[in-house]
Every structure is written in C-alpha cells, then in structure tokens.
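# Descriptive analysis of the structure
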Amino acid sequence: MARTGRATAVVFSFSLFLAALISGAIHCGSAVSGVAAAADKPAANTDPVELLNVACDPTRELWQDINEQFGKIYERDTGRKVTIKQSHGGSSSQARAVNDGLEADVVTLAMWPDTDLIRRSGLIAEGWEKRLPENSLPYYSTIVFVVRKGNPKQIHDWPDLVKPDVQIITPHPKTSGNGKLSFLAAWGSVVTRGGSEDQAKDFVTKLYQQVPVLDVAARAATMTFSKKGIGDVHLTWENEGQQEVQDSKGELEIVYPPVSFKAEPQVAWVDENVKKHGTVDAARAYLEFLYTPVAQQMIAKHFYRPNSEGDRQKFADRFPPIKLFGITAVAKDWDDAYQKFFNDGALFDQISEKK
Amino acid sequence: MMHDHRQKGKGFFVNRTLPGFRLTLGITLIYLSVMLLIPLAACLWKVTQLGPAAFWAAVWTSRARSAYFLTFSASFISAAVTSLLGLLIAWVLVRYEWPGKRVVDSLVDLPLALPTAVAGLAYSALYVQNGWFGRFLVPLGIHGTYSRLGIVLVLIFIGLPFAVRAVQPVLESMEADAEEAATLLGASRWQTFWRVILPTLKPALITGFALSFARAIGEYGSVVFVSSNKQGETEIAPMLIVSKLEQNSYAEATAIALVLLAMSFGMLALINVLERRSRRHYA
C-alpha cells in the first residue's frame with residue numbers, strides 16, 4: 001500500500017514540476033511585486049522613490065555602475081533619494097514576467113520584440129519607441145566573432161565560418177535572443193552583399209551543420225567555447241565577446257567581421273506600473289540619464305556602443321567600424337522575421353531537420 | 001502492516017493516535033489543492049484554449065515524437081542503471097562495516113541538494129575532449145557529453161539517491177537468518193539471491209525505479225548542459241516546452257506538458273500493476 005502511495009506521490013510531484021514550469025514566470029513575478037507596490041502612494045517631492053529595472057542577463061555590471069551614478073545625480077537635483085532594484089534574466093522570459101505581473105517601472109531588454117510584447121499586453125503605451133531620443137536606443141551593439149589565440153583557422157569574415165574544418169559555437173536561435181541575432185547576422189551577411197535568399201539559405205544551412213552544440217542560452221555558449229574549449233569561433237554580442245576575451249587571459253581574441261547585425265536593446269518605462277507606483281518622473285529621468293555624457297562613458301566602458309548624438313564618435317578607437325544592418329535588411333519587420341525564420345516549421349526548423 | 005492505515009469497522013470518525021482527523025485531513029486537502037490541484041487545473045485550463053486540431057498539431061509533430069522517445073528511453077535506461085547501482089550501493093552501505101561509510105552514506109543525497117545545472121556543467125566539462133575523462137574517451141569515439149549517452153549519464157546521477165534510499169531501509173530490516181536458512185537448506189549463493197533476497201527487495205526496487213524514472217522525465221536544468229539540443233537527435237521534451245514558451249505559445253507548451261504527464265502517468269500505473277502482480281505471485 002505504501003508503495004502505491006509513493007508512486008502516486010511521484011506522479012503528483014512530477015505534475016507539480018510541469019505546472020511550475022508553465023507558470024514559472026508568474027511565480028517569479030510575485031516575489032518582487034511586493035517591493036514595487038510599496039511605493040504606490042503618490043509621493044510628496046522629497047519622499048524616497050524606488051524603481052524596478054527589469055533587464056536582460058548580460059547587463060548586470062553595466063546597471064550596477066549606472067544605478068549608483070544616477071542615484072547621486074537624482075538626489076542632488078531633486079532632493080529625492082532613489083533606490084533602483086534590478087531583476088535579471090533571459091530577455092524574453094523577463095518580458096513574459098512583466099506581462100504576468102512583475103511590476104517593472106522600466107524595462108531594458110535585449111531586443112525590440114521583447115519590449116513590444118509588453119506593449120501588446122497594454123502595459124506600455126503605443127509608440128513607445130518615439131518617447132526617448134534615438135528611437136529609445138541609448139546604446140547599441142552587434143554580433144562579432146571570438147576566436148582562439150592567433151586565429152588559427154583564419155576567420156575574418158562570414159564566409160570563413162563555413163570552411164570545412166571550422167566549428168561554430170552559437171546558442172539556439174529558438175531559445176536565445178543572442179542565437180536569433182547571430183542567425184540574422186549570418187543571413188544578412190549574404191543578402192546585404194548581393195547574395196540571393198537561396199544563397200543565404202545555403203549559407204546558414206552549412207553554418208548550422210558545423211555547430212556541434214546549440215546551448216539554450218548565451219552564457220552557456222560562452223562556457224562551452226571558453227571554458228570547455230569546444231569550437232573555433234564563437235558568435236556573440238560585442239560586449240559579451242570583449243568580456244570573454246578579457247577573462248581568457250590572452251587565450252582568445254576578437255575578430256570584427258566587415259558586416260554584422262545591429263543589436264538594438266531599446267529601453268522603455270512601463271506606463272501602467274509607473275502610474276500605479278507614482279514613479280513616472282523618476283523612471284523617465286532614469287532613462288534620460290542614459291543619454292548624458294557620464295552615462296555614455298560608462299556604457300562605452302562596458303563595451304556597448306554609445307548612441308547619443310555627441311558621444312557616438314568619441315569612442316571610435318574602442319569600437320572598430322562595422323557596417324551594420326538592421327531587421328529591415330533581412331525581413332519586413334520583426335514579426336515577419338519570426339514568421340520567416342524562427343517560428344515552428346519556419347526556416348530554422350527546415351534547415352535543422354535531420355535528413 | 002498492510003492494513004495499518006485502513007479504517008476498520010466503525011466508519012470514518014474513529015479516534016486515532018494522531019488527534020484531529022478532521023483537522024489533519026483538512027490540512028492535507030488544502031495543501032494538495034493549493035500545491036497540486038490548482039496549478040494542475042490551471043494547466044488543463046490553458047490547454048482547453050486549443051481546439052482538438054490545434055492540440056494535436058502541437059503535440060504530435062515528428063519533432064515532438066522524437067523528443068518524447070528520447071525523454072522516455074533515456075529516463076528508462078538511466079532508471080534501470082540507477083536501480084542496479086542503487087541496490088549495490090545500498091547493499092554495501094547496509095551489510096558491511098567499513099571506514100568512511102558514514103561519509104559515503106551522506107554523499108548519496110548530494111544530487112538532491114546540488115543545483116542540477118551545476119551537475120550538468122560539471123558532467124559536460126568532464127567529458128568534453130579536453131576534460132579529465134573526455135581526453136581518454138573521445139579518442140575512442142565515446143562522447144559522454146553533447147550526445148544521448150551524456151543525457152543518460154547525467155540522469156543516472158540525478159536519479160541515484162531515489163534508488164538507494166528506496167532499497168536501503170528494506171535491506172536494513174531484512175534479517176540475515178532467512179539467508180542463513182537458505183544456505184543451510186543447500187541453496188547456492190545465486191539461488192539465495194534470486195529466490196530469497198530479490199523477491200523481498202523487489203517492491204522497493206520497483207519504487208526506486210519509478211521514482212528515479214519520474215524524476216528523469218521532468219529533468220531540464222542539467223540535461224540542457226550535456227545535450228547538444230539538436231532537434232530529432234538530442235532534444236528532450238522539456239526543452240521543447242521551453243522553446244514553445246519562448247515563442248509565447250503558452251497553450252501549446254502546456255499541451256506538450258500534458259502529454260508528457262499522461263504518458264508518465266500511464267507508465268507509472270503500469271509499473272504499479274506489474275509490482276502488485278509480482279507480489280501476488282510471490283505471496
């Protein structure tokens with residue numbers, strides 16, 4: 001009898017796991033929401049204010065620096081003490097968490113579709129991209145190559161990736177934003193330089209046949225390449241690649257391909273939440289602060305490319321020029337790109353089907 | 001022993017050693033509802049948003065079928081290996097005295113405490129071509145990571161405590177005199193094991209198997225680090241769920257989860273039936 005009970009318990013606990021997996025975003029949301037809700041009465045001008053910045057994974061160190069600076073400046077200018085809480089995670093799961101009730105005041109996610117997902121749920125106003133300078137893009141980045149010391153396989157440009165003996169490390173395009181951008185960069189490297197879509201398809205087919213492991217997330221791919229020593233080239237964001245090279249103590253180096261995809265981690269405040277928390281002004285000031293020279297300096301320090309009018313050229317020696325193309329070079333828009341490349345049965349599924 | 005928790009005679013409200021039948025049952029039911037039934041119902045509710053056709057289209061693609069197959073076969077193999085290893089470890093821990101036994105005994109629970117992602121990373125670092133094991137195995141053509149073998153290996157690690165802990169108490173309570181009697185009656189060592197020890201242990205072995213099997217089916221954190229996550233090859237079913245979520249297809253993700261759940265429920269029910277039949281056979 002006891003054993004039957006135990007087997008039933010197994011089934012139950014397994015079901016619980018599945019249920020938890022599905023509603024994971026909801027649970028993760030409720031943990032932080034209490035924090036943000038504490039500030040819901042409209043504050044008198046000198047009351048301390050608290051912001052929750054829901055961000056994507058690799059920006060942890062960047063926001064630590066920026067939050068500290070912003071806190072000082074905001075208190076000096078307004079007399080209000082501001083505390084910024086951070087939440088980090090995979091970009092698209094962060095977007096889902098906000099939709100499910102994680103009360104973010106601002107979101108700083110890795111790519112447009114993630115922020116726009118929150119707009120679709122009604123939490124962010126229509127036309128959010130136009131509210132801040134440069135299309136709400138205080139900094140940008142791109143996909144570069146990280147190779148082993150001395151670049152033994154002589155990888156300089158996209159076509160070099162599909163040389164027969166080259167192994168490529170890049171995360172899974174279906175589960176990772178980094179993986180999606182790398183895919184689009186590879187595709188665009190063909191079609192923006194006079195190649196046809198068929199040629200692009202051939203190219204990415206070959207490329208993904210030479211990917212030995214499709215890690216689920218960007219950091220896992222970094223581990224695979226730098227710590228486990230698998231592969232000859234790692235496709236990743238410039239800032240991630242720089243970090244990886246620094247950590248490798250001379251074992252790895254960066255290669256800038258002549259063309260690549262422009263990664264646009266736009267920022268936005270979450271209208272419904274800032275209204276509820278009475279943090280409209282602080283959230284706006286926080287995001288506008290990103291365009292000031294002080295913040296742009298820190299952004300450059302963390303290897304994101306500054307995008308404010310005055311600062312774009314200032315760090316030219318730190319950021320070698322690459323010809324960058326955006327989403328419109330590879331698809332009509334992001335929705336079209338998902339349908340064309342990443343959704344079930346779309347191009348990525350077709351090229352990875354086992355023959 | 002079989003009937004110790006059954007109510008005999010006077011219906012439901014009989015005084016028991018533990019006071020407050022209503023209270024304890026109430027807490028049990030509330031607990032089960034909040035922790036299990038409501039999340040499960042939410043799961044089902046999500047799935048009902050799909051029509052039958054959409055449900056079928058989501059759960060029965062060739063990609064999904066190979067993911068189920070991989071998940072169940074890898075879990076089955078790992079649970080089988082785990083049960084054997086678990087029996088061996090439990091045997092050594094119960095029947096012999098040796099220095100360091102205590103330490104090993106507590107090490108057995110380690111896989112429960114370790115975040116599974118750490119286990120996955122450690123395994124994959126060992127078996128890659130420049131890892132401690134990999135540098136010897138990869139030249140022989142044995143790929144212990146980014147392969148199906150890697151998935152099985154890490155699932156064995158994850159499931160081990162369940163198998164050991166299921167068998168251990170039964171072995172402890174087994175008196176040696178039955179074996180001695182068997183030996184005195186002229187049974188060989190093999191016969192003693194096969195006819196005396198194994199039948200007694202069988203239910204515990206089956207429980208251990210079922211526990212580690214179920215644990216393996218739901219395992220995600222460690223597997224994604226040792227798998228190359230290629231569809232139709234090394235892509236497990238939970239990975240499919242995550243990739244559906246990533247496309248914001250909640251209902252479809254839940255649908256796959258439900259199929260997985262139904263399948264494992266069926267398998268465990270089957271195991272239960274087999275177990276009960278085996279006991280009747282030996283009774």
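Keep in mind that what you see is a predicted model, and the values were worked out from it rather than measured.

The rules we used
- Residues numbered from 1 in each chain as written.
- Chains lettered and ligands numbered in written order.
- Predicted model: local features only at pLDDT ≥ 70, side-chain atom pairs only at ≥ 80, totals over all residues.
- Helix = DSSP H or I, 4+ residues; strand = E, 2+ residues; numbered from the N terminus.
- Buried ≥ 20, exposed ≤ 12 C-beta atoms within 10 Å, placed from the backbone.
- Contact = placed C-beta atoms within 7 Å.
- Domains from an automatic or database assignment.
- Nonpolar A, V, L, I, M, F, W, Y, C, P; charged D, E, K, R; others polar.
- Axes fitted to C-alpha atoms, helices over the stretch in contact; angles between N-to-C directions.
- Parallel < 35°, antiparallel > 145°, perpendicular 65-115°, else oblique.
- Left-handed = near helix turned anticlockwise from the far one by under 90°.
- Pairing = 2+ DSSP bridges.

### Focus: the environment of Ala176(B)
All names here are of chain B. The topology assignment puts Ala176 in helix H9 (residues 176-184). Taking the number of C-beta atoms within 10 Å as the measure of exposure, Ala176 has 8 and is therefore exposed. Between the alpha carbons of Ala176 and Ile197 there is a distance of 9.8 Å; along the sequence they are 21 residues apart.

### A closer look at the environment of Ile143(A)
Residue and element names in this part refer to chain A. Structurally, Ile143 can be placed in strand E4 (residues 139-148). Given 27 C-beta atoms within a 10 Å radius, Ile143 is considered buried. Separated by 120 residues in the primary sequence, Ile143 and Ala263 place their C-alpha atoms 7.5 Å from one another. Not counting chain neighbours up to four residues away, the residues in contact with Ile143 comprise Leu181, Ser182, Ala185, Leu235, Thr236, Trp237, Ser260, Phe261 and Ala263.

### Topic: unusual backbone geometry
All names here are of chain A. In the Ramachandran plot, Gln154 falls in the positive-phi region, its phi being about 50 degrees despite a non-glycine side chain. For Gln154, the location among the structural elements is in the loop between E4 and strand E5 (168-169). According to the C-beta neighbour criterion, Gln154 is exposed, with 12 such atoms within 10 Å. For Phe303, which is not glycine, the phi torsion reads 70 degrees and is therefore positive. Looking at the secondary structure, you find Phe303 in the loop between helix H13 (293-301) and strand E10 (305-306). Phe303 sits in the buried class, given 22 other C-beta atoms within 10 Å.

### Some words on the domain arrangement of chain A
In many analyses, interface size is given as the accessible surface area lost on bringing the parts together. Residue and element names in this part refer to chain A. Assigned domains of chain A: these are domain 1 (25-137 + 264-306) and domain 2 (141-263 + 322-352). Put simply, the middle of domain 1 and the middle of domain 2, counted by C-alpha atoms, are 29 Å apart. Taken residue by residue, the interface counts 15 residues in domain 1 and 14 residues in domain 2. At the level of secondary structure, the elements contributing two or more residues to the side of domain 1 that touches domain 2 comprise helix H4 (91-99) and helix H5 (112-120). Each residue belonging to the side of domain 1 that touches domain 2 can be placed in one class, and the counts come to 8 nonpolar, 4 polar and 3 charged.

### Some words on the packing of helix H3 (residues 62-95) of chain B against helix H10 (residues 189-218) of chain B
Residues and elements named next belong to chain B. Interaxial distance between H3 and H10 falls to 8 Å at its minimum, and their mutual angle equals 140 degrees. Taken together, H3 and H10 sit at an angle that is classed as oblique. Relative to H10, the crossing made by H3 is right-handed. The residues of H10 that touch H3, namely those facing Thr71, Ser75, Phe76, Ser78, Ala79, Thr82, Ser83, Gly86 and Leu87, are Leu205, Gly208, Phe209, Ser212, Phe213, Ala216 and Ile217. Class assignment of the residues belonging to the contact of H3 with H10 gives a composition of 8 nonpolar, 8 polar and no charged.

### A look at the sheet that holds strand E1 (residues 49-56) of chain A
Residue and element names in this part refer to chain A. Ordered in space as E2-E1-E3-E9, the 4 strands form an open sheet in which the pairing is mixed. This sheet does not close on itself; its edge strands, each paired only once, are strand E2 (82-89) and strand E9 (267-269). Geometrically, the sheet is characterised by an average inter-axis angle of 20 degrees between neighbouring strands, direction not taken into account. Relative to E9, strand E3 (residues 106-108) is paired through 3 bridges, and the arrangement is antiparallel. Its bridge partner lying in E9, Val106 is registered against Trp269.

### Digging into the environment of Gln242(A)
Residue and element names in this part refer to chain A. Following the sequence through the fold, Gln242 ends up in helix H10 (residues 238-247). Residue class for Gln242 comes out partly exposed when judged on the 19 C-beta atoms lying within 10 Å of it. In contact with Gln242, other than residues within four places in its own chain, are Ile254 and Phe303.

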